[in-house]
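# Examination of the molecular architecture
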Amino acid sequence: MNKLLRVTQLETFRRYRDDVIGSSEQQVVDSISGLFLGNDKTNIGSAFHWIVENNSADVATFDKILFDKFGARLSDEQKHLALSHAINLGVFTPEIRLNKEFKTDFGAFTLSGQMDALHGNTIRDTKVTFSPADMQKYNDSYQWRIYLSIFELDRFLYDVFEVVDYKEEMGRDITSCKIIQHEPFECLRYENMETDIENLLYSFCRWVDYRDLWGKIKDVE
C-alpha cells in the first residue's frame, strides 16, 4: 500500500487530535474525501496569494482576475499591500510541490506539499487570518515541520496578514476592512522533528484504521 496524503490533510487531523478550537472529526473526513471545496475566507486568502505569486502582472487586471478566479473583491490598498510584500521579497520561486515517502506499520505514505515561495534557502508561507494573529497557533502547526522535512531545509517563515473587522455577511468583499501585516514568524528545524512527524502520521493511521476510512484516501498513481 502507498497512499497519497497532502500536508494540509494531515494538519487538519492534527488540529482535531489536539482539540484545537474550531476543528472537528468531520473536517478531517471531508478533507481526505475531497469534499471540502473552500469557503469565503479561503477564497479571499487565495486571492491575496495570487497577487503575491503573480507580482509582475498588470495591476489594472487584478480586479477582474480576482473576481473571476476567486469571487473576491479587495481594495486598492489591500492589493498594493500584497504587491509590496512580493516586491520586498525580491527574487523568489513560487508554488513548488514536492513529495516524500514515509514508511509506517500500516504501509507507505507519500506526503505531498506545495510551498508558497522559496526565498533563498527559506520556505515562506503567506497566511491570511480573520482573527487576531496567534503566533502560538503557527508554532503548534505541523505544516512547517513537514515542509522542512519534505524540502530538506531548516528555516520556515510565516508571513501573516490579519484582516480586521471582517463579518460573515461581507462574503468575499473585504474592501471595507483593514489588513495588518505582522512581522514574519520564524520556525526552525529541531533535533526530534522527524520523529514528531512520524508519530503524527502513526496517530493518523490508527484513526483511519479505527474509522475504517482507508478507501477514502487516494493511492499513489
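See the structure shown above.
## Quick look at the nonpolar core
Ranked by size, the top nonpolar core spans 37 residues in total, and within it F204 and W207 carry the most contacts. Among the elements of the structure, helix 1 (7–17), helix 2 (25–33), strand 3 (107–119), helix 7 (143–151), strand 5 (155–164), strand 7 (185–188) and helix 8 (193–211) are those that each provide at least two residues to this core. At eight residues, the largest contribution of residues to this core is made by helix 8. With near-sequence residues (within four places) excluded, W207 lies in contact with F13, Y16, E25, V28, V29, I32 and L213.

## Quick notes on the packing of aromatic side chains
Scanning the model with the defined rule gives 17 aromatic pairs in all. Ring plane angle 80° and centroid distance 6.3 Å describe the contact between F109 and F204, whose orientation is recorded as edge-to-face. With F109 in strand 3 and F204 in helix 8, this residue pair connects regions lying 95 residues apart in the sequence. Considered together, F109 and F204 belong to a single accessibility category, that of buried residues. On the basis of an interplanar angle of 40° and a centroid distance of 6.0 Å, the ring pair of F204 and W207 is categorised as tilted. On the criterion of helical spacing, the pair formed by F204 and W207 is a turn pair, its members being three residues apart in helix 8. With respect to class, F204 is no different from W207; both count as buried. Looking at R73, its charged tip hangs above the ring of F67, at a distance of 4.5 Å from the centre.

Each value, and the rule that gives it
Residues numbered from 1 in each chain as written. Predicted model: local features only at pLDDT ≥ 70, side-chain atom pairs only at ≥ 80, totals over all residues. Heavy atoms only, no water. Core = buried A, V, L, I, M, F, W, Y, C linked by side-chain atoms within 4.5 Å. Buried < 20%, exposed > 50% of the residue type's maximum accessible area, 1.4 Å probe, protein only. Helix = DSSP H or I, 4+ residues; strand = E, 2+ residues; numbered from the N terminus. Contact = heavy atoms within 4.5 Å. Phe/Tyr/Trp six-rings, centres within 6.5 Å; stacked < 30°, edge-to-face > 60°. Lys NZ or Arg CZ within 6 Å of the ring centre and 35° of its normal.

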